Amino acid sequence: MTTILSIKDLRKSYADGFEALKGVSLDIQEGEILALLGPNGAGKTTLISTVCGITTPTSGVVTVGGHDIQTDFRAARRMIGLVPQEIALEPFEKVWNTVRFSRGLFGYSSDSARIEEILRKLSLWDKRKNAIKELSGGMKRRVLIAKALAHEPRVLFLDEPTAGVDVELRKDMWEMVAELKQAGVTIILTTHYIEEAEAIADRVGVIDKGELLLMQDKDTLMAQMGKKQIEVMLTEAISEIPGCLAGHNLALNGNGDTLVYTYDTNADRTGITTLLNDVAQAGLVLRDVQTRQSSLEEIFVNLVSGEAA
Amino acid sequence: MNWTAIAAIYRFEMARFFRTMMQSFLSPVLSTSLYFVVFGTAIGSRIQEVEGVSYGAFIVPGLIMLSVVMLAISNASFGIYFPKFLGTIYELLSAPVNFIEIVIGYVGAAATKSLFVGIVILITATFFVDIRIEHPFAMAAFLILSCLSFSLLGFIIGIWASNFEQMSLVPQLVVTPLIFLGGTFYSISMLPPVWQTITLFNPVVYLISGFRWSFYGLADVPIVYSLLAILAFTGLCLGIIGWIFKTGWRIRS
């Protein structure tokens, strides 16, 4: 895999001294989907704005497809599409014209067949002659995506693409992201919704206070940091953990009817077989057994609160 | 140069003009007609002629300039302020275009619109008074340069403004008084000597004088001064735009 977007020690500070980015470095591989997670004001949008040319970096080097975003900005920006967080569209303009405008802005001639293809894919074809003010919020968001795709970018930034979007559109959006990935487009999305990152991302980055706290393959991250627990529910409550089970890392819940066993999914031996044998040996009768894995959300909360501590 | 992008911006801006065709077309025709009725008829009956030209015909160049200047400023300032206000400016900033191309697109469209309105007013005026154009090339040059330079000024105002009030501040508080006091409706030779001298500090005097000279060969100030004044003003606006380009003032954080 080749690196399509490279960010090295990117910093952005404002006149009032506020540091929005404190030396972010990361490489993004061609064709991957990267989710950037972080609380409000973490620096996600600043990072995207800087790469896209909306904000000027204080220092650092960013290249897109090998083109520096400052010295070779035309080639770099031609490769990038941006779907902004806020719906920003000229209300009186027609859908078709606004998509054609975006295409022209990136230096491409008005290719009706291509524009039609994009509009059809985003279910906007029937609305092509409508003024933007006549569209619903979800439709407007689709128009923003159509505009971003009008010049066939290799790298697509989606800044909070599903914020305030209904379930159906969110699902459509996820499908569209999967299709774009199939077509070889690299996608970087920021989100508040952990389940979104969990559902569609290949890698997950966590940003907080202008710093990249973590960047990892999603599955590895879940496996490494994800603790798994087995809850052993008993037919009769007990007052304390029997002595023969003391060797296991067990906790008894408040009612005394559930034993909670926490283990590492990556360990050679999880100790489950021995535990269950020992539970039977202790004369305890099982009512039910269930396993639980911590979600990306829990990992994220732990990470961010850990930083704050 | 990304000419496709310039064309896209130009076309997008012109589409706004054509969407409001009635407004774009009818309002200058109506206001010019009103000026003729009010100034031409009411005042013209008292001032028969100014330096051998009928009063109605005398005010035509000034009337054209008045509308062209105001429209160039408002078109160009709205053109760039609107994307800032709506947030759609993100697209301009993230596109492979530089500031010069953005300026050419927006200022070109604003200048075209005001030129169009200038021509409409000229044609309307022919229905009310007899007009002769002694120096047609000079007339065209003054008209086009005025459209361009005031569109540049409008663009600067649009970049500077952070709300709608500021947008109308410069046109209403600075430009309108300068135009009305710049010899639109009178020759400065009709003023007392002291005011004649003071008026010479008004840059619009040079513009209207030069423009009127191209019609009737009459001028309050030598034509060379008029030409230098409009070129200097264009140069000043370009200089400010160049500075904005270098610093990213009010555009890029």
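This one's a predicted model, so the numbers in the text were calculated from it and none came from an experiment.

Engineer: Give a description of helix α1 (residues 44-52) of chain A that names residues and reports values.
Structural biologist: An α-helix turns once per 3.6 residues; consequently, residues spaced three or four apart project the same way. Residues and elements named next belong to chain A. Within α1, nine of the nine residues are buried, which leaves it mostly tucked inside the rest of the structure. Among the residues making up α1, those that are buried are K44, T45, T46, L47, I48, S49, T50, V51 and C52. Directly after α1, the chain includes G53, whose backbone phi takes a positive value near 100°.

Engineer: A description of the UniProt feature "transmembrane region" (unreviewed entry) in chain B should follow, citing residues and the corresponding values.
Structural biologist: Residue and element names in this part refer to chain B. Under the UniProt annotation, "transmembrane region" (unreviewed entry) lies at residues 54-73, 140-163, 169-188, 200-219 and 225-245. Secondary structure over residues 54-73 splits into 90% helix and 5% strand, and the C-alpha atoms at its two ends are 30 Å apart. Within residues 169-188, the helical portion is 60% and the strand portion 0%, while the C-alpha atoms at the span's ends are 27 Å from each other.

Engineer: Could you give an account of the interface of chain A and chain B, naming the residues involved and the relevant values?
Structural biologist: In this assembly, 27 residues from chain A lie in contact with 21 residues from chain B. Of all elements in the fold, only α2 (73-78), β6 (80-83) and α3 (95-105) of chain A reach the threshold of two or more residues within the side of chain A that touches chain B. Take the side of chain A that touches chain B: its biggest share by element is five residues, from α3(A). Residues that form the side of chain A that touches chain B fall into these classes: 13 nonpolar, eight polar and six charged.

Engineer: I'd love a proper account of the sheet that holds strand β7 (residues 155-159) of chain A, names of residues and values included.
Structural biologist: Residue and element names in this part refer to chain A. One open sheet accounts for six strands, arranged β6-β7-β8-β3-β9-β10; its pairing is mixed. Strands with a single pairing partner mark the edges of an open sheet, and in this sheet they are β6 and β10 (211-217). With direction set aside, neighbouring strand axes in the sheet form an average angle of 15°. The sheet contact formed by strand β3 (residues 33-37) and strand β9 (residues 203-208) spans four bridges and is parallel. Residue pairing across strands places A35 opposite V204, the latter belonging to β9.

Engineer: An account of the pairing of strand β8 (residues 186-191) of chain A is needed here, citing residue identities and associated values.
Structural biologist: Residues and elements named next belong to chain A. Counting buried residues in β8 gives six out of six residues, a clear majority hidden from the surface. Burial along β8 is two-sided: the residues T186, I188 and T190 and I187, L189 and T191 are all buried. Sheet topology note: the β3/β8 ladder contains five bridges and is parallel. Within β8, the residue paired with I33 across the bridge is I187. Both β7 and β8 contribute to a ladder of five bridges, which runs parallel. Pairing of L158 across the sheet is with L189, part of β8. Handedness of the crossover joining β7 and β8 through helix α6 (residues 167-182) is recorded here as right-handed.

Engineer: Could you give an account of the nonpolar core, naming the residues involved and the relevant values?
Structural biologist: Ranked by size, the top nonpolar core spans 142 residues in total, and within it A:A146, B:V69, B:A72, B:Y106 and B:F155 carry the most contacts. Ranked by residue count, the leading element in this core is helix α4 (residues 60-86) of chain B, at 15 residues. Once residues lying within four places of it in the same chain are set aside, the contact partners of B:F155 are B:A76, B:S77, B:I80, B:V103, B:Y106, B:V107 and B:I241.

Engineer: Explain the domain arrangement of chain A to me, using residue names and the numbers behind them.
Structural biologist: In terms of domain boundaries, chain A breaks down into domain 1 (3-223) and domain 2 (227-293). Look at where the C-alpha atoms of domain 1 of chain A and domain 2 of chain A centre, and you get two points 46 Å apart.

Engineer: I'd like to hear about the environment of A:G81, residue by residue, with values.
Structural biologist: All names here are of chain A. Following the sequence through the fold, G81 ends up in strand β6. Overall, G81 belongs to the buried group, with 26 C-beta atoms counted inside 10 Å. In the structure, G81 is positioned 72 residues away from P153 in sequence and 5.3 Å away in space, judged by C-alpha atoms. When neighbours within four sequence positions are excluded, G81 is seen to be in contact with A148, L149, H151, P153, L156 and F157.

Engineer: Got a sec to walk through the pairing of β10(A)? Specific residues and values, please.
Structural biologist: Residues and elements named next belong to chain A. When β9 meets β10, the two strands line up antiparallel, connected through six bridges. For V206, the partnering residue across the bridge sits in β10 and is L214. The hairpin turn running from β9 into β10, its antiparallel successor, is two residues long, and K209 in that turn takes a positive phi close to 50°.

The rules we used
- Residues numbered from 1 in each chain as written.
- Chains lettered and ligands numbered in written order.
- Predicted model: local features only at pLDDT ≥ 70, side-chain atom pairs only at ≥ 80, totals over all residues.
- Buried ≥ 20, exposed ≤ 12 C-beta atoms within 10 Å, placed from the backbone.
- Helix = DSSP H or I, 4+ residues; strand = E, 2+ residues; numbered from the N terminus.
- UniProt positions renumbered as here; feature names shortened; annotations may be inferred.
- Contact = placed C-beta atoms within 7 Å.
- Nonpolar A, V, L, I, M, F, W, Y, C, P; charged D, E, K, R; others polar.
- Pairing = 2+ DSSP bridges.
- Axes fitted to C-alpha atoms, helices over the stretch in contact; angles between N-to-C directions.
- Right-handed = clockwise from strand over helix to strand, strands pointing away.
- Core = buried A, V, L, I, M, F, W, Y, C linked by C-beta atoms within 7 Å.
- Domains from an automatic or database assignment.

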